[in-house]
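Fold and geometry: a report
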Amino acid sequence: MKYCLILVLAAIAIPGLHAAEKLYQTGKIVDIRQKTKSRILYYQVDTPVTKDEPFYEVSVQIRDTIYVGQYVPHHSSDTLPEEWNVPRAEVRLRLEKHYMFLTRPAGTEVQFVVTKRIAAPPAQKIPETPSQKK
């Protein structure tokens, strides 16, 4: 009976050991654009009635790849954090197959749908001058 209990506890604990915590990476925001797309609400006598819906397109560079993602706010008045509008602002994020999750300064996450992956040259290192080599 003791061995059965130990076996059951081991069977429960082993899958938990393989669960990995999602890793966060540091990236730099390359570009933020607010765009709109028209959505057809209904047709009235063969004429489409549309509504413009705002969305954000954010480009984030991690090493030598730029990830472009789209975020559709729940309300048209929702905005992205002001800290992200600084040129080359650093942000913590985690990547999944089709999504990237950017961490806001408050600690919550914003989910973006990854639409593109673009190869980018890695950041250039500034060569040292002879006075700095001492």
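Summary of the structure given here.

Definitions and cut-offs
- Residues numbered from 1 in each chain as written.
- Predicted model: local features only at pLDDT ≥ 70, side-chain atom pairs only at ≥ 80, totals over all residues.
- Heavy atoms only, no water.
- Helix = DSSP H or I, 4+ residues; strand = E, 2+ residues; numbered from the N terminus.
- Buried < 20%, exposed > 50% of the residue type's maximum accessible area, 1.4 Å probe, protein only.
- Contact = heavy atoms within 4.5 Å.
- Areas by Shrake-Rupley, 256 points an atom, 1.4 Å probe, with all protein chains shown as cover.
- Core = buried A, V, L, I, M, F, W, Y, C linked by side-chain atoms within 4.5 Å.
- Pairing = 2+ DSSP bridges.
- Phe/Tyr/Trp six-rings, centres within 6.5 Å; stacked < 30°, edge-to-face > 60°.
- Lys NZ or Arg CZ within 6 Å of the ring centre and 35° of its normal.

What about the overall build of the protein chain?
For the protein chain, the count of helices and strands is 1 helix and 6 strands. Taking all 134 residues of the protein chain together, the buried fraction comes to 24%. Restricting the contact set of the protein chain to residue pairs at least 6 apart, pairs at least 24 apart contribute 52%. Total accessible area on the protein chain stands at roughly 10600 Å², and carbon and sulfur atoms take up 56% of it.

Considering unusual backbone geometry
The phi angle of most residues is negative, glycine excepted, and most peptide bonds adopt the trans form. Although it is not a glycine, Val45 sits at a positive phi angle of roughly 55 degrees. As for its placement among the helices and strands, Val45 is situated in the loop between β1 (25–44) and β2 (47–62). With a phi close to 60 degrees, Asp46 is a non-glycine residue in the positive phi region.

Re the nonpolar core
Of all hydrophobic cores here, the largest spans 16 residues; its most connected members are Val60, Trp84, Met100, Leu102 and Phe112. Among the secondary structure elements, those contributing two or more residues to this core are β2, β3 (65–71), β4 (90–95), β5 (99–103) and β6 (109–119). Per-element accounting of this core gives the leading share, 4 residues, to β2.

What to know about the pairing of β3
With 5 of 7 residues buried, β3 is to be regarded as a mostly interior element. In the sheet, β2 pairs with β3 via 7 bridges, with the strands oriented antiparallel. In the sheet register, Glu57 faces β3, and the bridge partner there is Gln70. Connecting the antiparallel pair β2 and β3 is a turn made up of 2 residues, with Arg63 showing a positive phi of about 50 degrees. In this sheet, β6 lies alongside β3 in antiparallel orientation, the contact comprising 6 bridges. Across the sheet, residue Tyr67 finds its bridge partner in β6, namely Arg117.

Some details on the packing of aromatic side chains
Taken as a whole and judged by the stated rule, the model has 3 aromatic pairs. Taken together, a centroid distance of 6.4 Å and an interplanar angle of 25 degrees make the contact between Tyr56 and Tyr71 stacked. Placement of the pair is Tyr56 in strand β2 and Tyr71 in strand β3, with a sequence separation of 15 residues. For the pair shown, Tyr56 and Tyr71 are each scored as buried. Ring plane angle 40 degrees and centroid distance 6.4 Å describe the contact between Tyr99 and Phe101, whose orientation is recorded as tilted. The exposure class of Phe101 is buried, given its relative accessible area of 10%. Counting every residue linked through ring pairs, the aromatic cluster contains Tyr56, Tyr71 and Phe112. When the ring centre of Tyr24 is taken as origin, the NZ or CZ atom of Arg92, which lies over that ring, is 4.5 Å away.

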